[in-house]
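For reference, the chains in residue letters:
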Amino acid sequence: MSAVSAVSAARSVRARLRAPRGLVPSLPAFAWLCAFFLVPAGMVAVFSLGESAYFGTSPVDLSAPSLDRYGEAASETFRIVFVNTLQIAVVGTVLCVLLAVPMAYLITTRLTGFWKYAAIAAVVIPYWMPFLLRTYSWRILLGDHGPLAEGLGVTGGFGIVDTLSGAQLGVVYNYLPLAVLPIAVALDRLDPALRQAGRDLGASSWRVFWQVTLPAARPGIVGAALLVFIPLMGDYVTPAVLGGVQASVVGSLVSSSFLESQDWALGAAAAVLLILLVLAVLAAAALALALGRLVLRAVRPLDLAARLRPRTGTARPARVSGDAWGLLLRGYGVLMVLFLWAPILTILVYSFNDGRTLPVWGGASTRWYAAIPDNAVLMQSIGVSLRVAALSTLVAIVVGTLAGTALARAGRPIRWSLLGLLLVVFVTPEIVTSIGLLLMYVAAGPALSDGTLRLVIAHAVISTAIVAFVVQARLSSLDPRLSDAAADLGATPAGAFRRVILPLAAPAVLAAAVLASTASLDDVVASSMLGNVGTTTLPVYIYSTLRNGMRGDAAAASVLMMLGTALAVVVLAWVMQRRGQGKSFAAGLVGR
Amino acid sequence: MIRHLIATASLLLGTAGLAACGGSEAAPDPSTYPTKIEKGSTLKIYSWADYISTDNIAAFEKETGVKVQVDTYASAEEALAKLRLTQGTSGYDLVVMDGSYIQQLVKGGSLLAWDKERLPGFAGLSDTFVGRSWDPENTHAIPKSGGSTGYVWDSAVISTPPETWNDFYDAFDDPGVDGRTSVVDGAPSLISSYFWGNDISDQTTNPDDYQAAEKYFDDKVLSHLKAFNSYPRADLASGDLVLAQTFTGDARGALMDGPKTLRFALGAPKTDIYVDHWVLPKGSANIAAAHAFVEFVLDPVNAARETEFHGYYTGVEASRDELPADMPFEEIVFFDEGVPADRFIEQEVTEARKQSVATFQRLKALASR
């Protein structure tokens, strides 16, 4: 037997003994989500078979299981609000993606150096402002008697607040970074030489965009659509704050069944129904997408893009049109940044409001800033929020990155079961997970009694899905032979992960960390249900102040927290760069 | 699989339930509670935000040497769910809880009884606040502060002041207010307001009553409604709203911040009363300090400081003498003055709640058509 065949035989034995591809990186996610999602949420799902009891120690009586609650949940009310929600979510997702693609394209292909980092910062930083404040801010800004209407002399106002357009505006605003970042990290994979080659071969900017750039962005666009659509199907705060009577959504129905009506059995049935319906919508969308690709592939020889533009000679001054396109894109970027910052600047201005409450202007003053140190609850809540955000992001990054790798690289059975699990995690209304986790924490006793730990687990469960989808968006269209090549060169799977996959995934991991941290800093439901002594988070505190008129100190503190977080990230980036850790932190975010 | 999950769930619920039984079997006699207030200990309070005077907390800390730690909840229902489920392991020593949920907590064995001997200030509370159906003897719940529900309107737009709930909803038809109206975003306030106005018990379980309520709101209100908004204060102040169902606390804020033409009236012929209470959750680890704190805020001077801080009446009658004479809109703060006691109905949680919320959810769906 020759040496070569001995090596190849050994390799084939090793291959047979080796775990199925992608099993190892998927294991932490499976274990993590089974323990802290499937078991607790499954318990709540079981409630749907029982009957709620207002009195006594158990909120649901399961002695006579039945499917009656499903009949009750599948009401006309549910149908109406589900259709409403679907409409808001579909329109919101389409708008988010349409608005995000040019922005991501601008960031990754047109901007360099300082401006690139500045653009990313301009997209990300507003989302470190608490969710309720940045949403409520639109109410102040666009109110019929708000500063903008008065300033522009629009009598009667814009008629946006408390309408469907208001809700639509709010959801697009609140979910934009979930679209921009995944598309940016996917686009960034694209070698600029490819686009140059396209142009050198005489293609117009438009054609390069259509035939080179867009296909490269496809995984990012799919990921972005998922990351926007799913939370939109569950969000009821944005529509409630900005949509008035026109935006009744299904998330509010589920939540009020659990809380206002305390009918956990009915709430659980409605939640299960919602989860199944959203999964069905996703499946239908996936099918439509697959069909669309088949059709596109069939007609591609006709080259639609080329047909859309009359061919001109090679002498056509492509450069001029390219510059005009670039100028247009930059103008668009400026408008986008204005849009992203408008509510933030509004809060900033109103934090200097001397009035009794935040939204009612009563002259300029710094008194709310001066009042922050006196508000012990507020001060403590900021510390709690930052701590929980940092720790939960860390956990989600580790588990989610591995899961994202598995999603991109694993064989079909593992890939599909992991994808299914992550989707269910992401689709499940937060109130369900929260109640389930609370039951579990209580049963676990002192082992899970630490408030910070409870919040970190809850936040990290949701963030794991976010991280996994973003990382997958970047890795899935990499050449799968890269890790095989590494293996052939003698790298262990762990070595290949560390030296090949991880560096390639780095920008996505950083983008995902940003999104995970904002998700944690925005969370109210789980934080309010699961926190205990000394772990009131900032968003929970701000929600709570709504009842007694939102005061200015929380807004002032939020402005400081947002700027502080941004500053900390910049300093961290600077320090890392100084210490020469390969690419700079910010460069890592966009890959170069 | 389902069978297995049921088993797991029952097991976990059973564990919680057992823990509850273990505790309630030996529900301690209040006279056996520790009396010594430990200097350097912490009193852990769970409440709404900005709902306890920071001056009072500082003064109490100075007087007793006990540190006060306040945590806040985003909704009373979340706090209720937490207290029901945690069964003595919530970690809080003293909780502020809406009166309407007290019975559930008492029956679920989630609360400890107060030692009223240590609360002499209790005697100074108004009859409007004590002895209510949610805890007739105030065994488990000591009133903290409360209010009622009514309507705010802009008299520059609406010339005839609404005197009853029916007047109020009739006014929605006025072309001047169309689309500038809001109602409270909650079934117990909105659906019940139809019952209060039409001499029907708000705890009715007759489906016909709920159908009548649905038709009433669908015909009269929905098409003119701007928003379901529990806290319309800022929108009333800015003029975006000119007619709104409001809680007293929010109404007062609107009148203080808004145009001088804003008016408020208490709902009639009936309306609700809501009172937040101090409750001792089972497992409270600082019972002595909790009693001391509640007695501290029942003191008229301190109670006045509470009202100045959050704008609600504490029920401590003598505190009215301690408040500044020029307190704005004090008739809204002391909403019960000169009002017959039978005008106020306690909000309660009974089987009617499910029908009420289902009707409310349906109205919200219909409104979005």
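What to know about the overall build of chain B
Part 1: When helices and strands are counted, chain B shows 13 helices and 11 strands.
Part 2: Taken over C-alpha atoms, the radius of gyration comes to 22 Å for chain B, in line with the 21 Å a tight globule of 369 residues would show.
Part 3: Across its three principal axes, chain B shows a C-alpha extent of roughly 65 × 65 × 30 Å.
Part 4: The buried share of chain B, reckoned over its 369 residues, is 63%.
Part 5: Of the contacts formed within chain B by residues at least 6 apart in sequence, a portion of 75% connects residues at least 24 apart.
Part 6: Accessible area for chain B stands at about 13400 Å²; split by element, carbon and sulfur atoms hold 52% of it.
Part 7: Positive and negative side-chain charges in chain B, numbering 31 and 54 respectively, have mean positions lying 5 Å apart.

A look at the packing of aromatic side chains
Part 1: All chains considered together, the criterion is met by 42 aromatic pairs over all chains.
Part 2: Ring centres of F426 of chain A and F469 of chain A lie 6.0 Å apart, and the angle between their planes is 50°; on these two criteria the pair is classed as tilted. Separated by 43 residues along the polypeptide, F426 of chain A in helix α18 (residues 412-427) and F469 of chain A in helix α20 (residues 451-475) bring together distant segments of the chain.
Part 3: Residue F426 of chain A is classed as buried on the basis of its relative accessible area, which comes to 9%.
Part 4: The buried category is assigned to F469 of chain A, whose relative accessible area is 0%.
Part 5: Measuring from centroid to centroid gives 5.5 Å for F60 of chain B and F296 of chain B, while their planes differ by 70°, and the two rings are edge-to-face.

Some points on the pattern of salt bridges
Residue and element names in this part refer to chain A.
Part 1: In this structure the tally under the stated criterion is 24 salt bridges over all chains.
Part 2: With a shortest N-O distance of 3.0 Å, D522 and R134 are connected by a salt bridge. Here D522 is found in helix α22 (residues 493-522), whereas its partner R134 is found in helix α6 (residues 131-142), with 388 residues between them in sequence.
Part 3: Since its relative accessible area comes to 16%, D522 is described here as buried.
Part 4: Among the residues examined, R134 registers a relative accessible area of 1% and is labelled buried.

A look at the domain arrangement of chain B
Residue and element names in this part refer to chain B.
Part 1: What the domain assignment lists for chain B is domain 1 (34-146 + 274-336) and domain 2 (147-272 + 342-367).
Part 2: One C-alpha centre belongs to domain 1, the other to domain 2; they are set 28 Å apart.
Part 3: Opposite the 18 residues of domain 1 that make contact, domain 2 presents 18 residues.
Part 4: Of the roughly 1700 Å² buried at the junction of domain 1 and domain 2 (both faces included), carbon and sulfur atoms supply 62%.
Part 5: The largest per-residue losses of area from domain 1 upon contact with domain 2 belong to Y274, I332 and F335, which jointly make up 39% of the total buried on that side.
Part 6: Put simply, domain 1 and domain 2 have 1 salt bridge between them.
Part 7: Among the ionic pairs, R132 bridges to E346, the shortest N-O distance being 3.3 Å.
Part 8: Taken together, domain 1 and domain 2 are joined by 6 residue pairs in polar contact (both at pLDDT 80 or more).
Part 9: Residue classes in the side of domain 1 that touches domain 2 are distributed as 10 nonpolar, 6 polar and 2 charged.

Topic: α6 of chain A
Residues and elements named next belong to chain A.
Part 1: An ideal rise of 1.5 Å per residue puts 16 Å on 12 residues; α6 measures up with 17 Å between its terminal C-alpha atoms.
Part 2: The element α6 is extensively covered by neighbouring structure, given that 12 of its 12 residues are classed as buried.
Part 3: Every buried residue of α6 is accounted for by F131, L132, L133, R134, T135, Y136, S137, W138, R139, I140, L141 and L142.

Quick notes on the confidence of the model for chain B
All names here are of chain B.
Part 1: Confidence along chain B averages 91 in pLDDT terms, with 93% of residues attaining 70 or more.
Part 2: Summarising per-element confidence for chain B, the mean pLDDT is lowest in helix α1 (residues 2-25) (46) and highest in helix α10 (residues 287-298) (98).
Part 3: Counting contacts from residues 14-25, a segment whose pLDDT is below 50, to residues more than four positions away or on other chains yields 10 contacts.

Describing the nonpolar core
Part 1: F258 of chain A together with Y169, W278 and F293 of chain B are the most contacted members of the largest nonpolar core, which totals 308 residues.
Part 2: Each of two domains, domain 1 (34-146 + 274-336) and domain 2 (147-272 + 342-367) of chain B, supplies a minimum of three residues to this core.

Side note on a nonpolar patch on the surface
Residues and elements named next belong to chain A.
Part 1: Taken together, the side chains of L567, V571, W574 and V575 present a nonpolar region at the surface, about 390 Å² in accessible area.
Part 2: In this structure, V575 sits in helix α25 (residues 552-578).
Part 3: A residue is classified by how much of its surface remains accessible, and V575, at 33% relative accessible area, is partly exposed.

Quick notes on the interface of chain A and chain B
One frequently used descriptor of interface size is the decrease in accessible area upon assembly of the parts.
Part 1: Contacts between chain A and chain B engage 73 residues on the former and 79 residues on the latter.
Part 2: Summed over both partners, the interface of chain A with chain B comes to about 6600 Å²; 57% of that surface belongs to carbon and sulfur atoms.
Part 3: In this assembly, chain A and chain B are joined by 7 salt bridges.
Part 4: Residue R139 of chain A pairs with D235 of chain B through a salt bridge whose shortest N-O separation is 2.6 Å.
Part 5: Counting every contact that joins chain A to chain B gives 37 residue pairs in polar contact (both at pLDDT 80 or more).
Part 6: Every element with two or more residues in the side of chain A that touches chain B is listed here: α2 (23-47), α4 (76-110), α6, α12 (250-258), α17 (376-409), α19 (430-444), α23 (525-530) and α24 (538-545) of chain A.

Observations regarding the pairing of strand β3 (residues 94-98) of chain B
All names here are of chain B.
Part 1: By the criterion of burial, β3 is predominantly enclosed, with 4 of the 5 residues buried.
Part 2: Sheet topology places strand β1 (residues 42-47) next to β3; 2 bridges connect them, and they run parallel. Each residue of the ladder has a partner; that of Y46, found in β3, is V95.
Part 3: Bridge analysis of β3 against strand β10 (residues 271-281) gives 4 bridges, and the strand direction is antiparallel. Looking at the pairing, M97 lines up with H277 of β10.

Section: the packing of helix α13 (residues 264-299) of chain A against α18 of chain A
Think of two packed helices as two axes; the pair is described by the angle between the axes and how far apart they sit.
Residue and element names in this part refer to chain A.
Part 1: The contact between α13 and α18 brings their axes to 10 Å, and the two run at 125°. Looking at the two axes, α13 sits oblique to α18. Once α13 is placed against α18, the crossing between them reads as right-handed. Contacts between α13 and α18 pair I275, V278, L279 and L282 from the former with L423, V424 and V427 from the latter.

Re empty space enclosed by the protein
Residue and element names in this part refer to chain B.
Part 1: What the rule picks out here adds up to 10 cavities of 30 Å³ or more.
Part 2: Its boundaries defined by the atoms lining it, the second largest cavity holds a volume of some 100 Å³.
Part 3: Looking at the second largest cavity, the residues that line it are P188, S192, D202, Q203, Y210, E346, Q347, E348, A352, R353 and S356.
Part 4: Counting residues per element, the lining of the second largest cavity draws most heavily on helix α13 (residues 352-367), at 3 residues.
Part 5: Considered class by class, the residues forming the lining of the second largest cavity number 3 nonpolar, 4 polar and 4 charged.

Structural notes on the environment of D354 of chain A
Part 1: Within the secondary structure, D354 of chain A is located in the loop between α15 (318-350) and α16 (367-371).
Part 2: Residues contacting D354 of chain A, with those up to four places away along its chain left out, are G362, G363, A364, S365 and R367 of chain A.

How each quantity is defined
- Residues numbered from 1 in each chain as written.
- Chains lettered and ligands numbered in written order.
- Predicted model: local features only at pLDDT ≥ 70, side-chain atom pairs only at ≥ 80, totals over all residues.
- Heavy atoms only, no water.
- Helix = DSSP H or I, 4+ residues; strand = E, 2+ residues; numbered from the N terminus.
- Rg over C-alpha atoms; globule rule 2.2 N^0.38 Å.
- Buried < 20%, exposed > 50% of the residue type's maximum accessible area, 1.4 Å probe, protein only.
- Contact = heavy atoms within 4.5 Å.
- Areas by Shrake-Rupley, 256 points an atom, 1.4 Å probe, with all protein chains shown as cover.
- Lys, Arg positive; Asp, Glu negative; His and termini not counted.
- Charge placed at Lys NZ, Arg CZ, Asp CG, Glu CD.
- Phe/Tyr/Trp six-rings, centres within 6.5 Å; stacked < 30°, edge-to-face > 60°.
- Salt bridge = Lys/Arg side-chain N within 4 Å of Asp/Glu carboxyl O.
- Domains from an automatic or database assignment.
- Buried area = accessible area lost by both parts, 1.4 Å probe.
- Polar contact = N/O pair within 3.5 Å; in protein donor to acceptor, adjacent residues only side chain to side chain.
- Nonpolar A, V, L, I, M, F, W, Y, C, P; charged D, E, K, R; others polar.
- Expected span 1.5 Å × (residues − 1).
- pLDDT = per-residue confidence, 0-100.
- Core = buried A, V, L, I, M, F, W, Y, C linked by side-chain atoms within 4.5 Å.
- Patch = residues over 30% accessible without salt bridge, like charges linked within 9 Å, V, L, I, M, F, W, Y side chains within 5 Å.
- Pairing = 2+ DSSP bridges.
- Axes fitted to C-alpha atoms, helices over the stretch in contact; angles between N-to-C directions.
- Parallel < 35°, antiparallel > 145°, perpendicular 65-115°, else oblique.
- Left-handed = near helix turned anticlockwise from the far one by under 90°.
- 1 Å grid on protein atoms, 1.4 Å probe; cavity = no way out; pocket = protein on both sides within 12 Å on 5 of 7 lines; lining within 4 Å.
- Points joined across faces, edges and corners; volume = space filled by probe spheres on them.

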